[in-house]
Every structure is written in C-alpha cells, then in structure tokens.
Amino acid sequence: MQLRENIYRIIEPRNANKYSRAYDFVMLIAIAIGILPLMFRHQIKLFWYFDLISGICFIVDYLLRWVTADMDSRRNKWAAFAIYPFTPMAIIDLLSILPVFNLLSPTFKVVRVSRLLKILRIFKVIRYFEPLEIIMSVVRKQSKILCTVLSLAIFYIFITALIMFNAEEDINPETGKYLFDSFFDAFYWAACTLTTVGYGDLYPISQTGRVISIISALVGIAIIALPSGIITAGYMDELKNRKEKTAKKNGTT
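These numbers come from a predicted model, not from an experiment. (Residues numbered from 1 in each chain as written. Predicted model: local features only at pLDDT ≥ 70, side-chain atom pairs only at ≥ 80, totals over all residues. Heavy atoms only, no water.)

1. Focus on helix α9 (residues 143–167)
Next, step 1: Its 25 residues give α9 an end-to-end C-alpha distance of 36 Å, which sits within 8% of 36 Å, the value for a rise of 1.5 Å per residue.
Next, step 2: Along α9, the positions that sit buried rather than exposed are Leu-146, Val-149, Ala-153, Tyr-156, Ile-157, Thr-160, Ala-161 and Met-164. (Helix = DSSP H or I, 4+ residues; strand = E, 2+ residues; numbered from the N terminus. Expected span 1.5 Å × (residues − 1). Buried < 20%, exposed > 50% of the residue type's maximum accessible area, 1.4 Å probe, protein only.)

Right under this line is the structure:
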C-alpha cells in the first residue's frame, strides 16, 4: 500500500514535489520525441528508437496509473480499477501506445493507422503541463457558460449567413454564378467574419452586402471576446485557489 501511495504522489501532477516534477519532465520529453517523427516525411533509424523509448514510457505510465486508479476515486477499489481503462485520458493513453506494437511487429495490421494514432500523444501534454491542465480545469468548471457563448456564436453565424445569402445576389464575373452559390458558402463566410479570420476567398461586393459585413464584423469582435474573458478570469481564480491550497498544505505539514 505504501509503495502504491508513493507511486501516486510521483505520477500525479497535482503533487508538486521534486520527484513529481522530474516525472512530468521525463514524460514531456517522451511526448516530444514521440511526435517528432510526425514532422518529417522520411523516417530515419533514430526515429525508430524515439518511437520505442516514448512507447515504453507510455506503457509504464499507463500501467502505473492503472494500479493507482483507486487513489483518486470515490468508487471502491475494484470498481476504480475496472472503470479506469474506459476514462477519456486512459483511452487516449491506450491509443497512443498502440503504434508501439506496429513498431515491434508490422504484422499487427489493426494498427496500420499508427501515424494518425501518434497524433493523440499531443493530448497527453495536458496532463503534464500545468498551465494547460489549469485551462482544461477552467473549461470544465465554466462549461455551461462557454456552451452558452458557443450557442450564441453559432446562432449569430446562422442568422448572418441567412441575411447575406438573400441580400448578396450579385453574379461573380469569373464563375458566372452567385457570389454565395450555396447557403454553406454564406455560412462559411459568416464564420470567417465572426472570428475575424478573413481569408478573402469569399466576400460581398454589393453595398448592402458590405454593410452587413461591417455589422457582422463589429458584433463578432464582442462575441469572440466573451470566451477569452471567461477563460482568463477563471484561469486567475484557479491559479489563486491552487496557491491558497498549496500554502495551506505547506502550513499544516
């Protein structure tokens, strides 16, 4: 029991001791060398070793988290062990491990999509990189508000696209078709305008369309700013709460 508790204190990022920080650093390096081969079209022998080393690290990490699954669970011991493989992060961990079997034996045809599965390894950074872990915690806590803002944005995109689709009736001289030939074109334009991306491949040329575009851009700035403010405020609150918990914990030990 003592051994498992010590392992849990090391692998759990919230336990900010030197061993836990060292473990997080090793895992971040394993993730980095695991996704490095994805940045190149041609693979070299060194990448094979990178894949093998990172894969071994992921397997060890997966097993350690499985044997300590009951440490941070409200369920009973055996239920925690049984449910852990089906939790979101455990599934990501398992899928990121599968390419190792293809690496050791190419006959594992079920993991022929190993290159795509390796991309999942980037999501493991959330667990070991504290700023990202804090942001994900904020997103979970503010999920209702963020979903409301998302719904508002989608509704506004739909309304703007509908207005533009019916207001912009000019013909594109290059194609001989309407500038917004389908509602999807108008929806795509509205999404780009709302997010202030502005690719420039679709744009209105009539005076009415331009006025609608101006209004959409101005309102879009306000809508896009909402989630940024929510996440920023939540991030600062979460950081403050964690500092207070750490100070209280250090004061009691």
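Once you've had a look at it, read on.
2. Some words on the environment of Glu-133
Next, step 1: For Glu-133, the position within the fold is in helix α8 (residues 130–141).
Next, step 2: Among the residues examined, Glu-133 registers a relative accessible area of 18% and is labelled buried.
Next, step 3: Excluding residues that lie within four positions of it along the chain, Glu-133 makes contacts with Ile-126, Arg-140 and Arg-242. (Contact = heavy atoms within 4.5 Å.)

3. Some words on the pattern of salt bridges
Next, step 1: What the rule picks out here adds up to four salt bridges.
Next, step 2: We note a salt bridge from Arg-4 to Asp-70, for which the minimum N-O separation is 2.8 Å. Within this pair, whereas Arg-4 is found in helix α1 (residues 2–11), its partner Asp-70 is found in the loop between α3 (45–67) and α4 (77–83), the two being separated by 66 residues in sequence. For the pair Arg-4 and Asp-70, one class covers both residues: buried.
Next, step 3: Notably, a salt bridge pairs Glu-5 with Arg-9, separated by 4.0 Å at the nearest N-O pair. Here the residue Glu-5 and the residue Arg-9 both occupy positions in helix α1, the gap between them amounting to four residues, near one helical turn. (Salt bridge = Lys/Arg side-chain N within 4 Å of Asp/Glu carboxyl O.)

4. Quick look at the confidence of the model for the protein
Next, step 1: Within the protein, residue pLDDT values average 80, and 85% of them lie at 70 or more.
Next, step 2: The secondary-structure element of the protein with the lowest mean pLDDT is helix α6 (residues 114–119), recorded at 67, while α3 shows the highest, at 89. (pLDDT = per-residue confidence, 0-100.)

5. Some points on the environment of Thr-160
Next, step 1: Its place among the elements puts Thr-160 in helix α9.
Next, step 2: Take Thr-160: its relative accessible area is 6%, and that puts it in the buried class.
Next, step 3: Counting along the chain gives 31 residues from Thr-160 to Ala-191, while the straight-line C-alpha distance between them is 9.1 Å.
Next, step 4: In contact with Thr-160, other than residues within four places in its own chain, are Trp-189, Ala-190, Ile-212 and Ser-216.
Next, step 5: From its side chain, Thr-160 meets the backbone oxygen of Tyr-156 in a polar contact 2.7 Å long. (Polar contact = N/O pair within 3.5 Å; in protein donor to acceptor, adjacent residues only side chain to side chain.)

6. Section: the packing of helix α2 (residues 18–35) against α3
Next, step 1: Between α2 and α3, the shortest axis-to-axis distance is 8 Å and the interhelical angle comes to 135°. Here α2 is positioned oblique relative to α3, judged by the angle of their axes. The element α2 and its partner α3 pack so that their crossing is left-handed. Facing α2, whose interface residues are Tyr-23, Met-27, Ala-30, Ile-31, Ile-33 and Gly-34, α3 presents Phe-50, Asp-51, Ile-53, Ser-54, Cys-57, Phe-58, Asp-61, Leu-64 and Arg-65.
Next, step 2: Grouping the amino acids of the contact of α2 with α3 by side-chain chemistry returns 10 nonpolar, two polar and three charged. (Axes fitted to C-alpha atoms, helices over the stretch in contact; angles between N-to-C directions. Parallel < 35°, antiparallel > 145°, perpendicular 65-115°, else oblique. Left-handed = near helix turned anticlockwise from the far one by under 90°. Nonpolar A, V, L, I, M, F, W, Y, C, P; charged D, E, K, R; others polar.)

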